[in-house]
Each structure stands twice: as structure tokens, then as C-alpha cells.
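# Observations on the three-dimensional arrangement
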Amino acid sequence: MGYGRHVRIALRVLLAVLAGLAVMFALNLAGSAVASALGFSAGGTARLGWDLLCVVLSGIAGTWAAVRLAPCAPRLHALAFFLLVLLMDGYAVAALGADFPEWFSAGLLLTLPLQVWAGARLALSRRHRGMA
């Protein structure tokens, strides 16, 4: 395998994980717009519950995208996505944790493994069916 091929694979790996993050951020923004359209007041319990639901769903979709676009080793892509989001969520909880109720911060961190598992499972089950 030549050097150029390694570079192309590395770029595809990076793009797959970045695409997963982009999907996650886009869906979170869409969820925020929907919440505003539905009339949720900013900062209330209902809004925080909605936001946590959007985080979970967007995490599943982001993992799905990262794994589905993986040029190789899809489970390692899921792990890379998990670690990046864990760093972001951990930073958000550390920096802003006092501004949010404990249930929200806990939900943000504790649902992440489930999000990654579900997104990877969806992507891998479809990938195997398409290859059969």
C-alpha cells in the first residue's frame, strides 16, 4: 500500500468523524428551532427535557453518519466519535454545569454511551445488509 493511499484513508477517516459531528450539530440546531416554534420558554424544565432529547437523537444520528462513512474500522470511528463528544460534553458540564440542573448534566454524560451504541448498531446493521 503506497503512501498516497494511506493519506487518502486518513483524510476519509477525519472527514467521516467530522461529518458525524456536523450532523450532530445541525440536528441540535434544528431541534432548537423546533423548540422555539413550539413555544418552549428558554431555560424551563420542558425546554431542557426537549434539549436533552435532541442531544440524544443527534448523538445517535452523528454516530450513524461517522460509522456509515467510515472507510475502514467502523467501530474505531464510533470510538473516536464517542471520545470527541465526551470531551465536548465534559467541558460543557464543567464550564456550565452550575447553570443547569443536575439531571440535565447527568443525562448529557450518561446517555452518551447509549447514543454511540445505538448509532453504531444502526449503521453496522444496514452496512451488513447492504453488503450481503
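## Comments concerning the pattern of salt bridges
- If you walk through the whole model with that rule in mind, you get one salt bridge.
- Among the ionic pairs, R47 bridges to D51, the shortest N-O distance being 3.1 Å. Within this pair, R47 and its partner D51 are both found in helix α2 (residues 45–68), separated by four residues, close to a single helical turn.
- Taking relative accessible area as the criterion, R47 reaches 12% and is therefore assigned buried.

## Focus on the side chain of D89
- Mapped onto the elements of the fold, D89 is located in helix α3 (residues 74–96).
- One buried charged side chain, D89, makes no salt bridge at all; its nearest oppositely charged neighbour is R47, positioned 16 Å away.
- Excluding residues within four positions of it along the chain, D89 makes contact with L108, L109 and L112.

## Looking at the nonpolar core
- Judged by nonpolar contacts, the single largest core of 13 residues is most densely connected at V67, F81, V85 and V116.
- Those elements that provide at least two residues to this core are α1 (3–38), α2, α3 and α5 (112–131).
- Of the residues forming this core, the biggest block, five residues, is contributed by α5.

## Let's talk about the packing of α3 against helix α4 (residues 102–110)
- Here α3 crosses α4 at 165°, and the two axes come no closer than 9 Å. On the basis of their axis angle, the class for α3 and α4 is roughly antiparallel. Note on packing geometry: the crossing formed by α3 with α4 is left-handed. Contacts between α3 and α4 involve L86, D89, G90 and V93 on the former and, on the latter, S105, L108 and L109.

## Topic: the environment of R12
- As for its position among the elements, R12 is in helix α1.
- Remark: the alpha-carbon pair of R12 and L48, spanning 36 residues in sequence, is separated by 35 Å.

## Considerations on unusual backbone geometry
- A positive phi angle, near 45°, is found at A73, a position not held by glycine.
- Structurally, the position occupied by A73 is in the loop between α2 and α3.

## So, the layout of surface pockets
- There is about 540 Å³ of room inside the largest pocket.
- Lining the largest pocket are 23 residues, with N28, V55, D89, F104 and L108 positioned closest to its centre.
- Here the lining of the largest pocket is composed, by residue class, of 14 nonpolar, six polar and three charged.

Cut-offs used in this document
- Residues numbered from 1 in each chain as written.
- Predicted model: local features only at pLDDT ≥ 70, side-chain atom pairs only at ≥ 80, totals over all residues.
- Heavy atoms only, no water.
- Salt bridge = Lys/Arg side-chain N within 4 Å of Asp/Glu carboxyl O.
- Helix = DSSP H or I, 4+ residues; strand = E, 2+ residues; numbered from the N terminus.
- Buried < 20%, exposed > 50% of the residue type's maximum accessible area, 1.4 Å probe, protein only.
- Lys, Arg positive; Asp, Glu negative; His and termini not counted.
- Contact = heavy atoms within 4.5 Å.
- Core = buried A, V, L, I, M, F, W, Y, C linked by side-chain atoms within 4.5 Å.
- Axes fitted to C-alpha atoms, helices over the stretch in contact; angles between N-to-C directions.
- Parallel < 35°, antiparallel > 145°, perpendicular 65-115°, else oblique.
- Left-handed = near helix turned anticlockwise from the far one by under 90°.
- 1 Å grid on protein atoms, 1.4 Å probe; cavity = no way out; pocket = protein on both sides within 12 Å on 5 of 7 lines; lining within 4 Å.
- Points joined across faces, edges and corners; volume = space filled by probe spheres on them.
- Nonpolar A, V, L, I, M, F, W, Y, C, P; charged D, E, K, R; others polar.

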